[in-house]
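Take a look at the letters that make up each chain.
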Amino acid sequence: MQLLIEGIFNGISIGAVLLIAALGLAIVFGLMGVINLAHGELMMLGAYTTFVVQNGFRQIGGPLLETYIFFALIAAFFVAALAGLVLERGVIRYLYGRPLETLLATWGVSLILQQFVRSVSWQLVIGLVIFCALFFGALWAISKRSNFYRIRNWAIAILAVLGAKISWEIAAALGRRFGLALTQPWFGAQNVDVTAPSWLRGGVVLMGFQLPYVRLFIIALTLICVVGIYLFLGRSPWGLRIRAVTQNRSMSACLGIPTAKVDALTFALGSGLAGIAGCAISLLGSVGPNTGQNYIVDAFMVVVVGGVGKLVGTLVAALAIGTINYLVGSGTLALISTPIQPLVDFFTFFATTSMAKVMVFALIIAFLQVRPAGIFPQKGRMVDA
Amino acid sequence: MIDTLLGIPGLRRERQTRRNLLIEAGIISAIALVLIFVMPLILSGFELNLLGRFLALAIVALGIDLIWGYTGMLSLGHGIFFALGGYAIAMHIKLQIPSTSSIQLPEFMTLYGVTELPWFWRPFYSFPFSAIAVLAVPAIVGAILGYLVFRNRIRGVYFSILTQATTVVFFNFFNGQQKLINGTNGLTDFRTILGASVNAPQTQFAIYTLTILFLIAAYALSRWLTSGRFGRLLMAIRDDESRVRFSGYDPTGYKVLVFAISAALAGLAGAMFTLQTGIISPRAMDIGFSIEMVIWVAVGGRASLVGAVLGALLVNYARSRLSTEFAENWLFFQGALFLIVVTILPDGLIGWLRHQGVNQVRSLLGSRQLATYPSLETDPEVQHEREVLSKETSE
């Protein structure tokens, strides 16, 4: 019995991580039908932000060091939200109504972000800044011309190539001149470690098993996020607009809701939540360029099982998937079913982390046979709902 | 000439299509002859092997074009079928143990202390079974998965997510089973197939030739499937599935069928690829690889079989060139490729050529043409208004 409780607690803590990862995804997916495969990489950005903030506080030192995690949460939220905003304005807004293509585009973005954290260095940053200055500066200058719209595409193509070449050369020259000071990668391809503040180490002992403080912290954080999102969507004017656009985009547009702004805001919000999720997972283990990949598929399964556009569905699905995953993966189920030998053999076969995924997926497929639209399907009269 | 005189409108069109088909067949066989007889003279052994691999990958691109380009289902799980095909042929090769050897097991099994061959390895002793399994195993897995998913009308992005999750599941499964299929390391170190050494140049050339023949067969199959009634139904499902259902068809069966065919093509591709690389490992079921397959089709042009083949060849060529030159930054290029194709060339190269290419090139050369919308000329409402206007002015 105690084993089961312990298993359920650990499962809930895994579910909390999943939930916080899936929350932003669910909002974005529910609102815009955009499959954001770069969501995992936005989480990764949040995790790396935590790492940077931690190092910054370590440099400063002093008693403030223990509280770095709160600053890191805020910073992670804003860094990821900003990245999301750029992504939405730069790419996704041209692809609304073509969900499969947003999927490919965001996958491209996720590849770029992965490689970016591997190879980001002062040299790369300087190159990027020069490129942006050249490209957007020249574009701005050209936009004054009267025949701007006729030559726009050509100008962009030529400027992109020219700007890339010039900035590449300058950055390479600077790199040769100053050497490692500029070319040393910030993070490199290796994983980096975030150490939790000392008050988060250890745990509280309850009925003979330990609840790590970190897990409790993440559960609390998830709770705060869920409640915050609930209040934001339920009570604030922008929340109302977001819900309206989710329900019926064209009708909302007709009623004067700025749907483009709503989209951008929602995407930034979802990305910011990804940043917080990244901050949370950085407490659990080391952070690397592949961090995001580990969570993205699970997060999507949560969204699919929960039903799109429903916060409650996401909540229930995340907790259920997390718990089942842990119970199967840790072998708890195998231990519980001791009297019946075939069941024990069956569960022992799946009692590893990776094999648990196999079983959970089978369960998900079985579940979708019963309820194809998730736990809480979106109600509507449309054929294609 | 004579059929217009006789007034049989269909006859002429039929002749035309038949002539077009003959021309197409001629072009393809010419390309195949060049690939088989001229390329070995030009390219080194390594490059020829590389070309063979790309051609194998073009087969899976055809499969993806069938389900994505024509039926509108974006599968992110074709790596599974690719790998299943590869494993099927690799298992057969691993069982080619000389009878003189003391242990009649693949060598990795003895490392993990397995004493008896697992049951599912046994049938792979026979070559005919393995050859059929290359196609059948992926097709059956695809059909089962497809049936479970399509029966519930799960489609669009949900289908994509589910296939992606399936990929992760299969990856985990193959990665975790060290004893049964050598886990992470995969099956490698191939010796003989049908009595011939796998790595001998003659065998490799035979495999290369075989790949080309399979590619042509796959192309012919896809062409046949997509040109007739079946193909039109697939496109109808892509464009408006509900409408197809309301017209009295059951799309599920067609979707399952085309998914299974596409999976079989992927399995075939996987087998040919494995024979030429000499390794199959769970890495072939990486999510990234499965999505990459989609981008080959997107680059070449969706809903165009030539585009799929072309895209696979081009992207893989660029990849092999760029990743040797900029090993570090290949991911940047790949990511940029995804972005560029999706935003600037949504129809791929072939689609661009068909729709905008001619006009853009012409306007680049300076000869600008003014044109109305052709649809306006046939729009009955416009015609009606013109008539009314001309009447009014004449009165």
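Residues numbered from 1 in each chain as written. Chains lettered and ligands numbered in written order. Predicted model: local features only at pLDDT ≥ 70, side-chain atom pairs only at ≥ 80, totals over all residues. Heavy atoms only, no water.

**Here's the deal with the overall build of chain B**
From N to C terminus, chain B includes 18 helices and four strands. The C-alpha extent of chain B, read off along each of the three principal axes, is 105 × 55 × 50 Å. Split into buried and exposed, the 395 residues of chain B put 47% on the buried side. Partitioning the contacts of chain B with sequence separation of at least 6, the portion at a separation of at least 24 is 77%. Taken as a whole, chain B presents about 20,100 Å² of accessible surface, with 64% of it coming from carbon and sulfur. Counting 29 positive and 24 negative side-chain charges, chain B places the centres of these two groups 6 Å from one another. (Helix = DSSP H or I, 4+ residues; strand = E, 2+ residues; numbered from the N terminus. Buried < 20%, exposed > 50% of the residue type's maximum accessible area, 1.4 Å probe, protein only. Contact = heavy atoms within 4.5 Å. Areas by Shrake-Rupley, 256 points an atom, 1.4 Å probe, with all protein chains shown as cover. Lys, Arg positive; Asp, Glu negative; His and termini not counted. Charge placed at Lys NZ, Arg CZ, Asp CG, Glu CD.)

**Digging into the overall build of chain A**
For chain A, the helix and strand inventory stands at 16 helices and two strands. Over its C-alpha atoms chain A spans a radius of gyration of 23 Å, differing by no more than 12% from the 21 Å that the globule rule assigns to 385 residues. Overall size of chain A, expressed as C-alpha extent along the three principal axes, is 80 × 55 × 40 Å. In chain A, which comprises 385 residues, the proportion classed as buried is 48%. (Rg over C-alpha atoms; globule rule 2.2 N^0.38 Å.)

**Here's the deal with the pattern of salt bridges**
Where charged atoms from two side chains of opposite charge come close, those side chains can pair. The final tally for this structure, using the stated rule, is 12 salt bridges over all chains. The salt bridge partner of Lys165 of chain A is Glu169 of chain A, with a shortest N-O separation of 3.1 Å. Residue Lys165 of chain A and its partner Glu169 of chain A are both found in helix H6 (residues 148–178); the two are separated by four residues, about one turn of the helix. A salt bridge links Asp189 of chain B to Arg191 of chain B; the nearest nitrogen and oxygen atoms lie 2.8 Å apart. By relative accessible area, Asp189 of chain B is classed as partly exposed at 38%. A cluster of three or more residues bridged by salt bridges with shared partners is formed by Arg98 and Glu101 of chain A together with Arg302 of chain B. (Salt bridge = Lys/Arg side-chain N within 4 Å of Asp/Glu carboxyl O.)

**Some remarks on the packing of helix H1 (residues 2–32) of chain A against helix H11 (residues 259–282) of chain A**
Residues and elements named next belong to chain A. Two elements in contact, H1 and H11, have axes separated by 8 Å at closest approach and are oriented at 170°. Of the possible angle classes, the one that applies to H1 and H11 is roughly antiparallel. Of the residues in H11, those touching H1 at Val17, Ile20, Ala21, Leu23, Gly24, Ile27, Val28, Leu31 and Met32 are Val262, Asp263, Thr266, Phe267, Gly270, Leu273, Ile276, Ala277 and Ile281. Here the contact of H1 with H11 is composed, by residue class, of 14 nonpolar, three polar and one charged. (Axes fitted to C-alpha atoms, helices over the stretch in contact; angles between N-to-C directions. Parallel < 35°, antiparallel > 145°, perpendicular 65-115°, else oblique. Nonpolar A, V, L, I, M, F, W, Y, C, P; charged D, E, K, R; others polar.)

**Let's talk about the environment of Gly176 of chain B**
Residue and element names in this part refer to chain B. Topologically, Gly176 is positioned in helix H7 (residues 157–176). Here Gly176 falls in the partly exposed class, since its relative accessible area comes to 36%. Separated by 161 residues in the primary sequence, Gly176 and Arg15 have C-alpha atoms spaced 57 Å apart.

**Structural notes on the nonpolar core**
Ranked by size, the top nonpolar core spans 208 residues in total, and within it Leu104 and Met301 of chain A together with Trp68, Phe82, Trp121, Leu187 and Trp296 of chain B carry the most contacts. Top element by residues in this core is H1 of chain A. It accounts for 16 residues. Apart from residues no more than four positions distant in its own chain, Leu187 of chain B is found in contact with Tyr87, Ala90, Met91, Lys94, Phe108, Trp121, Ile181, Asn182, Gly278, Ile279 and Ile280 of chain B. (Core = buried A, V, L, I, M, F, W, Y, C linked by side-chain atoms within 4.5 Å.)

**Here we look at the side chain of Gln204 of chain B**
Residue and element names in this part refer to chain B. Considering the arrangement of structural elements, one finds Gln204 in helix H9 (residues 201–227). Gln204 gets classed as buried once you look at its relative accessible area, which sits at 14%. If near-sequence neighbours (up to four positions away) are discounted, Gln204 is found in contact with Asn49, Val198, Asn199, Leu275 and Gln276.

**Here we look at a nonpolar patch on the surface**
All names here are of chain A. A cluster of nonpolar residues, Leu134, Trp154, Ile158, Leu162, Ile166 and Ile170, forms a patch on the protein surface that exposes about 550 Å² of accessible area. By residue number, the principal contributor to the nonpolar patch is H6, which donates five residues. Looking at the element boundaries, Leu134 is found in helix H5 (residues 122–142). (Patch = residues over 30% accessible without salt bridge, like charges linked within 9 Å, V, L, I, M, F, W, Y side chains within 5 Å.)

**Some words on the interface of chain B and chain A**
Residue-level contacts link 45 residues of chain B with 41 residues of chain A. Carbon and sulfur atoms supply 77% of the area buried between chain B and chain A, which totals about 3,900 Å² over both sides. Considering only the side of chain B, the residues that lose the most area to chain A are Ile161, Leu331 and Phe332 of chain B, jointly responsible for 15% of the buried surface there. Counting the contacts that link chain B with chain A gives one salt bridge. For the salt bridge of Arg302 of chain B with Glu101 of chain A, the shortest nitrogen-to-oxygen distance reads 2.2 Å. Counting every contact that joins chain B to chain A gives five residue pairs in polar contact (both at pLDDT 80 or more). Within the residue set of the side of chain B that touches chain A, elements represented by two or more residues are H7, helix H11 (241–246), helix H13 (287–300) and helix H15 (330–343) of chain B. (Buried area = accessible area lost by both parts, 1.4 Å probe. Polar contact = N/O pair within 3.5 Å; in protein donor to acceptor, adjacent residues only side chain to side chain.)

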